[in-house]
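Given next are the chains, with one letter for each unit.
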Amino acid sequence: DLGADGVVRVPRLVLENGDGSLEASGRLHLLRPDGGMQPDPAFTLALGFRHLVLADFTSGLPLDAVLNGKIQASGTLARPAADLALSDSTLRWQDLTFQAHGAAAWSNDRLTVSALHLAKGRSSADFKGTVRWRDDPLIQAEAKAGAIYLEDFIADSKGALTLKAAVEGPVSNPKGSF
């Protein structure tokens, strides 16, 4: 609905796909007071997703996922900012399946993952970091696992590992520790 003030309002939009759903609402300030197009329209967006199957929307990715969570976004089309909250989601890569939850934010060409928790059986790991987008992105990331139980990944095995890793620098020449 485009109002007389030049703002497109979407009070509620629901998309259902199988058992999953996507619910969105938002505003887009499209027109200037003189009726011309805004050069860089401001927007707000609230997006909630439940049991959203990634493979239903993309093909060829090495990762499959069933996602639950929400995104809050605002700013302008040229300078967007967004917050993601991922809850009780399932990630599959090859023969591995993980439960996941976490939080991330995008602002000023920077992706910040404040928390990502992955779990499989009794094993779990936590990740956090930032990526500064540019021609050669700058990364800073940490991974920690108090216990990774071998039996969660390799049948008929026993034992546990701990993990602490860090990486930082440009993608073309990162430095790290393990």
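Conventions adopted
- Residues numbered from 1 in each chain as written.
- Predicted model: local features only at pLDDT ≥ 70, side-chain atom pairs only at ≥ 80, totals over all residues.
- Heavy atoms only, no water.
- Helix = DSSP H or I, 4+ residues; strand = E, 2+ residues; numbered from the N terminus.
- Rg over C-alpha atoms; globule rule 2.2 N^0.38 Å.
- Buried < 20%, exposed > 50% of the residue type's maximum accessible area, 1.4 Å probe, protein only.
- Contact = heavy atoms within 4.5 Å.
- Pairing = 2+ DSSP bridges.
- Axes fitted to C-alpha atoms, helices over the stretch in contact; angles between N-to-C directions.
- Salt bridge = Lys/Arg side-chain N within 4 Å of Asp/Glu carboxyl O.

Student: Can you tell me about the overall build of the protein chain, naming the residues and giving the values?
Tutor: Check the secondary structure of the protein chain and you find 0 helices and 11 strands. The order of α-helices and β-strands along the protein chain, N terminus first, is β-β-β-β-β-β-β-β-β-β-β. Relative to a compact globule of 178 residues, whose C-alpha radius of gyration would be 16 Å, the protein chain shows 20 Å and is clearly more extended. Across its three principal directions, the C-alpha atoms of the protein chain cover 70 × 40 × 25 Å. Among the 178 residues that make up the protein chain, the fraction classed as buried is 24%. A sequence separation of at least 24 residues applies to 31% of the contacts in the protein chain between residues at least 6 apart.

Student: Tell me about the environment of aspartate 19, residues and numbers included.
Tutor: Note that aspartate 19 resides in the loop between β1 (7–17) and β2 (20–29). Relative accessible area serves as the criterion here: at 61%, aspartate 19 is assigned to the exposed category. Sequence separation between aspartate 19 and leucine 52 is 33 residues, and the spatial gap between their C-alpha atoms is 7.9 Å.

Student: Which residues make up the sheet that holds strand β10 (residues 160–170), and what values do they have?
Tutor: Across the sheet, which stays open at both edges, the 11 strands sit in the order β1-β2-β3-β4-β5-β6-β7-β8-β9-β10-β11 with antiparallel pairing between neighbours. Two strands bound the open sheet, and with one partner strand each, they are β1 and β11 (175–177). Between one strand axis and the next, the sheet turns through 10° on average, direction left out of account. Sheet topology note: the β2/strand β3 (residues 42–53) ladder contains 8 bridges and is antiparallel. Within the sheet, the bridge partner assigned to arginine 27 lies in β3 and is threonine 44.

Student: If you had to explain the environment of glycine 48 to someone new, which residues and values would you point to?
Tutor: Tracing the sequence through the fold places glycine 48 in strand β3. Residue classification places glycine 48 among the partly exposed positions, given a relative accessible area of 25%. Linking glycine 48 and serine 25, residues 23 residues apart in sequence, is a C-alpha distance of 9.2 Å. Setting aside chain neighbours within four positions, we find glycine 48 in contact with Ser21, Leu22, Glu23, Gly69 and Lys70.

Student: A description of the environment of phenylalanine 57 should follow, citing residues and the corresponding values.
Tutor: Tracing the backbone shows phenylalanine 57 in the loop between β3 and β4 (63–76). In this structure, the C-alpha to C-alpha distance between phenylalanine 57 and serine 21, residues 36 residues apart in sequence, is 12 Å. Residues within four places of phenylalanine 57 in sequence aside, it is in contact with Asn17 and Leu52.

Student: Just give me the short version of the pattern of salt bridges, but keep the residues and values in it.
Tutor: The tally for this structure, following the rule as stated, stands at 6 salt bridges. Here glutamate 23 ties to arginine 12 by a salt bridge, and the two come within 2.8 Å at their closest N and O atoms. Of this pair, glutamate 23 sits in strand β2 while arginine 12 sits in strand β1, and the two are 11 residues apart along the sequence. A relative accessible area of 57% places arginine 12 in the exposed class. Measuring nitrogen to oxygen at the nearest pair gives 3.3 Å for the salt bridge that ties aspartate 109 to arginine 79. In this pair, aspartate 109 sits in the loop between β6 (96–107) and β7 (110–120) while arginine 79 sits in the loop between β4 and β5 (80–93), placing the two residues 30 residues apart along the sequence. A relative accessible area of 32% means that aspartate 109 is categorised as partly exposed.

From the geometry alone we can't say anything about function, so treat these as descriptive.
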